[in-house]
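Listed below are the residues making up each chain.
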Amino acid sequence: MTQETWNAVDDYFLPLVHEDDVLRAATRASNEGGLPSIQVAPNQGKLLFMLAATRGAKNILEVGTLGGYSTIWLARALPEGGTLTTLEIDPKHAEVATKNIARAGLEKKVHVRVGKAIETLDAMRHEKREPFDFTFIDADKPSNLDYFERALEFSRSGSLIVVDNIARSGKVADDKSSDANVLGVRRLRDALVKDDRVTATAIQTVGSKGYDGFVLAIVK
Ligand code: SAH
Ligand code: DHB
Ligand code: MG
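### Considering the site of ligand 2
Moving on, step 1. Neighbouring residues of ligand 2: Ile-38, Asp-138, Lys-141, Asp-164, Asn-165 and Arg-168.
Moving on, step 2. The separation between an oxygen atom of ligand 2 and a polar side-chain atom of Asp-164 is 3.3 Å.
Moving on, step 3. Measuring from an oxygen atom of ligand 2, one finds a side-chain N or O atom of Asn-165 at 2.8 Å.
Moving on, step 4. For ligand 2, whose accessible area on its own is 300 Å², the fraction buried by protein is 64%.
Moving on, step 5. Split by residue class, the shell around ligand 2 holds one nonpolar, one polar and four charged.

### Points about the site of ligand 1
Moving on, step 1. In the region of ligand 1, 21 residues are neighbours, and Gly-64, Ser-70, Glu-88, His-93 and Ala-117 sit closest.
Moving on, step 2. Backbone polar atom of Gly-64 to a nitrogen atom of ligand 1: 2.8 Å apart, as the coordinates give it.
Moving on, step 3. Interatomic distance of 3.1 Å between a backbone N/O atom of Ile-89 and a nitrogen atom of ligand 1.
Moving on, step 4. Bound to the protein, ligand 1 loses 89% of the 580 Å² it would expose on its own.
Moving on, step 5. Taken together, the residues of the shell around ligand 1 sort by class into nine nonpolar, six polar and six charged.

### Considering the coordination of the magnesium ion (ligand 3)
Moving on, step 1. Distances from the magnesium ion (ligand 3) to its protein donors, namely Asp-138 (OD), Asp-164 (OD) and Asn-165 (OD1), fall within the range 2.0 to 2.2 Å.
Moving on, step 2. In primary sequence terms, the donor set of the magnesium ion (ligand 3) follows D-x25-D-N. Accessibility classification places Asp-164 together with Asn-165 in one group, the buried group.

### Concerning unusual backbone geometry
Moving on, step 1. A positive phi angle, close to 50°, is found at Leu-66, a residue other than glycine.
Moving on, step 2. Relative to the elements of secondary structure, Leu-66 occurs in the loop between β1 (59-63) and α4 (69-75).
Moving on, step 3. On the basis of relative accessibility, which here comes to 11%, the residue Leu-66 falls in the buried class.
Moving on, step 4. Even without glycine at this site, Asn-165 takes up a positive phi of about 65°.
Moving on, step 5. Structurally, Asn-165 is set in the loop between β5 (155-164) and α8 (180-194).

### What about helix α6 (residues 117-124)?
Moving on, step 1. Of the positions making up α6, those classed as buried are Ala-117, Thr-120, Leu-121 and Met-124. Buried residues of α6, viewed axially, fall in a sector of 100°; they line one side.

### Details of the sheet that holds β5
Moving on, step 1. One open sheet holds the seven strands; their spatial order is β3-β2-β1-β4-β5-β7-β6, and the pairing between them is mixed. At either end of the open sheet lies a strand with only one pairing partner, and these are β3 (110-114) and β6 (198-207). For this sheet, the mean inter-axis angle between neighbouring strands, taken without regard to orientation, is 15°.
Moving on, step 2. The strands that helix α3 (residues 42-55) touches are β1, β4 (132-137), β5, β6 and β7 (210-219); relative to β5, the one it contacts most, it runs at about 175°.

Conventions and cut-offs
Residue indices follow the written sequence of each chain, beginning from 1 at its first position. Following the order in which they are written, the chains are lettered starting with A and the ligands numbered starting with 1. It should be noted that, the model being predicted, local features are given only for residues of pLDDT at least 70 and side-chain atom pairs only at 80 or more, the latter also being counted only at that level, while totals for whole chains, interfaces and linings use all residues. The basis for every side-chain value is the complete set of heavy atoms in the structure, and neither hydrogens nor water enter the calculation. Neighbouring residues are identified by heavy atoms, a residue being near a molecule or strand if any of them is within 4 Å of it. In protein, a polar contact requires one atom able to donate a hydrogen and another able to accept it; more generally it is a pair of N or O atoms within 3.5 Å, and residues adjacent in sequence count only if both atoms are side-chain atoms. Residue-level accessible areas treat just the shown protein chains as cover; the underlying method is Shrake-Rupley with a 1.4 Å probe. Residue type decides the class: Asp, Glu, Lys and Arg count as charged, Ala, Val, Leu, Ile, Met, Phe, Trp, Tyr, Cys and Pro as nonpolar, and the leftover types, Gly among them, as polar. Here a donor is any nitrogen, oxygen or sulfur atom (N, O, S) within 2.8 Å of the metal, with 3.2 Å used for Na, K and Ca; water is not among the atoms considered, so some sites may look incomplete. Any residue under 20% of the maximum accessible area for its type is buried, any over 50% is exposed, and the rest in between are partly exposed; the area is computed with a 1.4 Å probe on protein chains only. The way it works is that DSSP assigns letters per residue, a run of H or I at least four long becomes a helix, a run of E at least two long becomes a strand, and they are numbered from the N terminus. By arc we mean the arc of the directions from the helix axis to the C-beta atoms, nothing more. Note on pairing: two strands pair once DSSP finds at least 2 bridges between them. Geometry is summarised by axes, namely lines fitted to C-alpha atoms with helices restricted to the contacting stretch, and by angles between N-to-C directions that run from 0 to 180 degrees. For this analysis, residues touch if any pair of their heavy atoms sits within 4.5 Å.

Dropping the structure here:
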């Protein structure tokens with residue numbers, strides 16, 4: 001099986017995803033702004049939307065905004081009065097995202113916070129806020145476990161935590177790997193194996209974004 005086949009199948013099913021002009025404009029603006037094209041695929045964005053909607057998520061946390069593509073999908077699952085906080089280190093990415101989020105009419109619900117996510121998360125410890133019902137972790141992979149631990153702190157029973165890019169074209173299964181991204185996933189995996197606060201699974205995916213996958217964890 002090749003990338004060409006995966007693309008063809010993603011294209012075949014794309015019409016049922018109903019990616020709209022606002023989402024397409026977000027991708028276009030990100031490309032024109034020179035941002036890396038590493039946002040989730042349309043069908044994956046739709047999956048995130050569906051998971052958040054199924055969960056009835058009222059407060060969502062996202063680590064790694066980029067141009068706000070996954071942010072828009074997720075924020076569209078929010079009810080009236082719902083909020084999404086998204087963390088981004090790169091001011092340029094945050095600027096593009098802020099415009100994309102405004103174009104989507106979501107600026108009242110979405111808060112983009114610029115800075116190192118770990119520092120923002122540590123600052124958030126001292127803020128009063130409702131727990132997050134849904135967290136999407138999709139930033140620098142070496143920090144996966146640190147983000148997961150913080151997300152857990154900010155969660156409640158039934159909250160869902162999703163982590164992107166957990167297969168890395170299969171490289172995660174290589175116990176000799178010295179790739180920092182792979183090691184970041186492996187560290188998360190090792191912690192999850194022993195963590196009885198959550199129940200988790202890992203799902204590999206292929207598609208227009210190559211061969212990768214998600215970890216999903218529900219807080220007990
Ligand atoms: N979730 C986005 C893609 C995020 S790409 C989508 O699917 O649409 C990863 C993002 O994480 C990049 O924009 C990168 O700048 C950001 N990032 C990397 N290291 C970070 C850190 N330490 N703190 C916050 N954001 C970080
Ligand atoms: C990379 C990061 C991502 O979040 C992603 O979905 C794909 C690739 C990367 O840093 O290469
Ligand atoms: Mg990702």
